[in-house]
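Residues per chain are reported as follows:
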Amino acid sequence: MRTISENRSFGGVQGVYAHQSAVTGCEMTFGLFLPREAEDEPVPVLWFLSGLTCTHDNAMTKAGAQRWAAEQGVAVVFPDTSPRGEGVADDPAFDLGQGAGFYVNATRKPWARHFQMWDYVVDELPRIVTAGFAIDESRQAITGHSMGGHGALTIAMSLPGRFRSVSAFAPICQPSRSDWGRPQFTAYLGTDEAVWLRYDAANLMTERGFDGPMLIDTGTRDQFADLLRTEALASAIAQRRQPSTLRMQAGYDHSYFFVSTFMQDHLEFHAEALWS
């Protein structure tokens, strides 16, 4: 692992690091905010998964997480959204290929060689982060925005006991029935729609639910509302009687202005679970 940058922020350190990934077969970059408390002891960690077209940098610089993470004594990891670099498959469309990994393990050519983002986020990167920094791996939470909200929800529901809480900002809720899902899943996973369902939050809510508290915020003026299919997840939550808070925030869209507005709420929500 090599250090790209480290900057003092709200008493802690915002770092950017790179490492060679055995899972994705290329160099990967991630951001990590460590609060001041990490100088003395391991701290809880919140994983922030970003959305389409983003890198580790977007949420790191636009979401405003550091201030609230510092107040709560929580670390925040900002992974990249896909493998990148020369030799890594790509597509001219913004919602497929580099910048659009969808947090799945691809099984189809040419994507399968590098696009193993589920294993990267779930297994490899956590090992690297907990080995290299003062992180308490027994206290983890996860959140994400848009495609990253899809990733956060599906990962949390698929790994009972790993995360104490989960939240999402404008998540893609039912990709198996959305144009932000069906074309990408076909490319990455093939045409068998049954295979897609392990990466579908509405389906996982119906089948499993989540073993902890859940918070979801989506704007009423989200320009991608038809693609998010929030109603499908809300219906599954109601049918399962999942403990959760799903808020439709009046007037907000899909941007980081929306995310940063409610970041304090999400950090405080996760801190309550992480420190309990």
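A few points on the structure. Not measured: the values here are computed from a predicted model.

### Some thoughts on the overall build of the protein
Step number 1: Broken down by element type, the protein carries 10 helices and 9 strands.
Step number 2: Relative to the globule expectation of 19 Å for 276 residues, the C-alpha radius of gyration of the protein, 17 Å, shows essentially globular dimensions.
Step number 3: Dimensions along the principal axes, computed over C-alpha positions, put the protein at roughly 50 × 45 × 35 Å.
Step number 4: For the protein, buried positions account for 59% of its 276 residues.
Step number 5: Summarising the internal contacts of the protein: among those between residues at least 6 apart in sequence, 72% fall at separations of at least 24.
Step number 6: In the form shown here, the protein has an accessible surface area of approximately 11,100 Å², with 47% of it arising from carbon and sulfur atoms.
Step number 7: One way to put it: in the protein the 22 positive side-chain charges average out to a point 4 Å from where the 32 negative ones average out.

### A short note on empty space enclosed by the protein
Step number 1: On inspection of all chains with the given rule, the structure shows 1 cavity of 30 Å³ or more.
Step number 2: Trp-47, Val-121, Val-122, Pro-126, Gln-140, Ile-142, Arg-162 and Phe-163 together form the lining of the largest cavity.
Step number 3: Among the secondary structure elements, those contributing two or more residues to the lining of the largest cavity are helix H3 (117-132) and strand S6 (135-144).
Step number 4: Within the lining of the largest cavity, the residues separate by chemical class into 6 nonpolar, 1 polar and 1 charged.

### Focus: the nonpolar core
Step number 1: Formed by 87 residues in total, the largest nonpolar core has its most connected members in Ile-142, Leu-153, Tyr-188 and Met-263.
Step number 2: Apart from the residues lying within four places of it in its own chain, the contact partners of Leu-153 are Val-166, Ala-168, Pro-171, Ala-201, Met-214, Ile-216 and Leu-233.

### Observations concerning the pairing of strand S7 (residues 166-169)
One face of the sheet, then the other: side chains in a regular strand alternate in exactly this way.
Step number 1: Here S7 shows no split at all, with Val-166 and Ala-168 on one side and Ser-167 and Phe-169 on the other all buried.
Step number 2: Sheet analysis places S7 next to strand S8 (residues 214-219), joined by 4 bridges and oriented parallel. Counterpart to Ser-167 in the pairing with S8 is Leu-215.

### Quick word on helix H5 (residues 182-189)
Step number 1: By the burial criterion, the buried members of H5 are Gln-184, Phe-185, Ala-187, Tyr-188 and Leu-189. Take H5 and look down its axis: the buried residues cluster within an arc of 165°, on one side only.
Step number 2: Considering only its buried residues, H5 is in contact with helix H4 (147-158) and helix H6 (193-196).
Step number 3: Following H5 by one or two positions, Gly-190 adopts a phi angle in the positive range, close to 95°.

### Observations regarding unusual backbone geometry
Step number 1: For the bond running from Lys-109 to Pro-110, omega is -5°, close enough to zero to count as cis.
Step number 2: Relative to the assigned elements, Pro-110 resides in the loop between strand S5 (75-79) and H3.
Step number 3: Positive phi, close to 50°, is recorded for Phe-10, a residue that is not glycine.
Step number 4: Along the chain, Phe-10 turns up in the loop between strand S1 (2-9) and strand S2 (12-20).
Step number 5: If you check the backbone angles, Ala-170 has positive phi at about 45° while not being a glycine.
Step number 6: Counting through the fold element by element, Ala-170 comes out in the loop between S7 and H5.

Rules of the game
Residues numbered from 1 in each chain as written. Predicted model: local features only at pLDDT ≥ 70, side-chain atom pairs only at ≥ 80, totals over all residues. Heavy atoms only, no water. Helix = DSSP H or I, 4+ residues; strand = E, 2+ residues; numbered from the N terminus. Rg over C-alpha atoms; globule rule 2.2 N^0.38 Å. Buried < 20%, exposed > 50% of the residue type's maximum accessible area, 1.4 Å probe, protein only. Contact = heavy atoms within 4.5 Å. Areas by Shrake-Rupley, 256 points an atom, 1.4 Å probe, with all protein chains shown as cover. Lys, Arg positive; Asp, Glu negative; His and termini not counted. Charge placed at Lys NZ, Arg CZ, Asp CG, Glu CD. 1 Å grid on protein atoms, 1.4 Å probe; cavity = no way out; pocket = protein on both sides within 12 Å on 5 of 7 lines; lining within 4 Å. Points joined across faces, edges and corners; volume = space filled by probe spheres on them. Nonpolar A, V, L, I, M, F, W, Y, C, P; charged D, E, K, R; others polar. Core = buried A, V, L, I, M, F, W, Y, C linked by side-chain atoms within 4.5 Å. Pairing = 2+ DSSP bridges. Arc of directions from axis to C-beta.

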